[in-house]
Amino acid sequence: MINFVVYENEETYRDKYFSIIDKFIGKSKLAYEVIEIKEAKEKSKLEKITGSEIYIISAEVLGGLDLAREVRERGDWDAPIIVITTHDDLRNYAYQQELLILGFISKHFNLEKSLLTSLQKAHEIITSRDFIQFQKGNEVYHIPLKEILFVEKKKEESFCTIHTKEKIYQTDKSLLQFAGYLTGDPRFMKVHRNYIVNIYNIRSVDFDNLKINFHDDQTILLSRNYKKLLKDNLDIQLV
């Protein structure tokens, strides 16, 4: 899931941003949601977000750049932040504050073209991550995505287990959270209500008996509902 966080208090511009986001998504079928914030007190909406975020912030809204600072201060250096402004001098201010702004866009000059370009760059950033990070207890884990075989949600458990080529990691994350994080990465897809797989690490698939095989004889189930989609994705991978 990609979450577009739009922080803008002018309805006319909000409508423009929403229209540009719709145009960017187009026919890609990417799962996405727009979180609309008009003032600082509405920032509590961000607490329930799962998945990746792309921020579109109007610098003229009170607390706009404060939100950018809060994103960075909580340790999120991956989320792309796009600032839309009428003041060019804010560019230097943002750099001095080390906010790592992806782009500064003028409200009055080539808004649609510039925002579409920035959204494309932002999407490339969030889909090119090379590892997944999670914390359990006092330990922080960094797992290379290329090493993941599949993510499993066992029926009797609320959390997920990550199976890699070498190790198994228990997390406190739900399958929905993993699905949101991995949305847009062509390597990963859901194949069962309990499994997300890295199709690049599949050794073979028994489509008759609905089983997916990995190295070391690890086998998981394939849902009939995902059979055609997996076939299509494996065909793309082999092209």
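Notes on the structure follow.

Conventions used here
- Residues numbered from 1 in each chain as written.
- Predicted model: local features only at pLDDT ≥ 70, side-chain atom pairs only at ≥ 80, totals over all residues.
- Heavy atoms only, no water.
- Helix = DSSP H or I, 4+ residues; strand = E, 2+ residues; numbered from the N terminus.
- Expected span 1.5 Å × (residues − 1).
- Buried < 20%, exposed > 50% of the residue type's maximum accessible area, 1.4 Å probe, protein only.
- Arc of directions from axis to C-beta.
- Contact = heavy atoms within 4.5 Å.
- Pairing = 2+ DSSP bridges.
- Axes fitted to C-alpha atoms, helices over the stretch in contact; angles between N-to-C directions.

## What about helix H4 (residues 111–126)?
Relative to the 22 Å expected for 16 residues at 1.5 Å per residue, H4 spans 22 Å between its end C-alpha atoms, a close match to the ideal helical length. Listed as buried for H4 are Leu 111, Leu 115, Ser 118, Leu 119, Ala 122, His 123 and Ile 126. The buried residues of H4 occupy an angular sector of 140° when projected down its axis, which confines them to one face. Summarising the contacts, the buried residues of H4 are in contact with strand S1 (2–7), helix H1 (11–25), strand S3 (52–58), strand S4 (81–85) and strand S5 (103–106).

## Notes on the sheet that holds strand S12 (residues 195–198)
With antiparallel pairing, the five strands of this open sheet are ordered in space as S10-S9-S8-S12-S11. Sheet topology places strand S10 (168–170) and strand S11 (188–192) at the edges, where each strand pairs with a single neighbour. Ignoring strand direction, the axes of neighbouring strands in this sheet form an average angle of 20°. Pairing geometry for strand S9 (residues 161–164) and S10, over three bridges, is antiparallel. The partner of Thr 161 across the bridge, within S10, is Gln 170. Taken strand by strand, helix H5 (residues 175–182) contacts strand S8 (148–152), S9, S11 and S12, and its axis lies near 35° from that of S12.

Geometric values such as these leave the question of function open.
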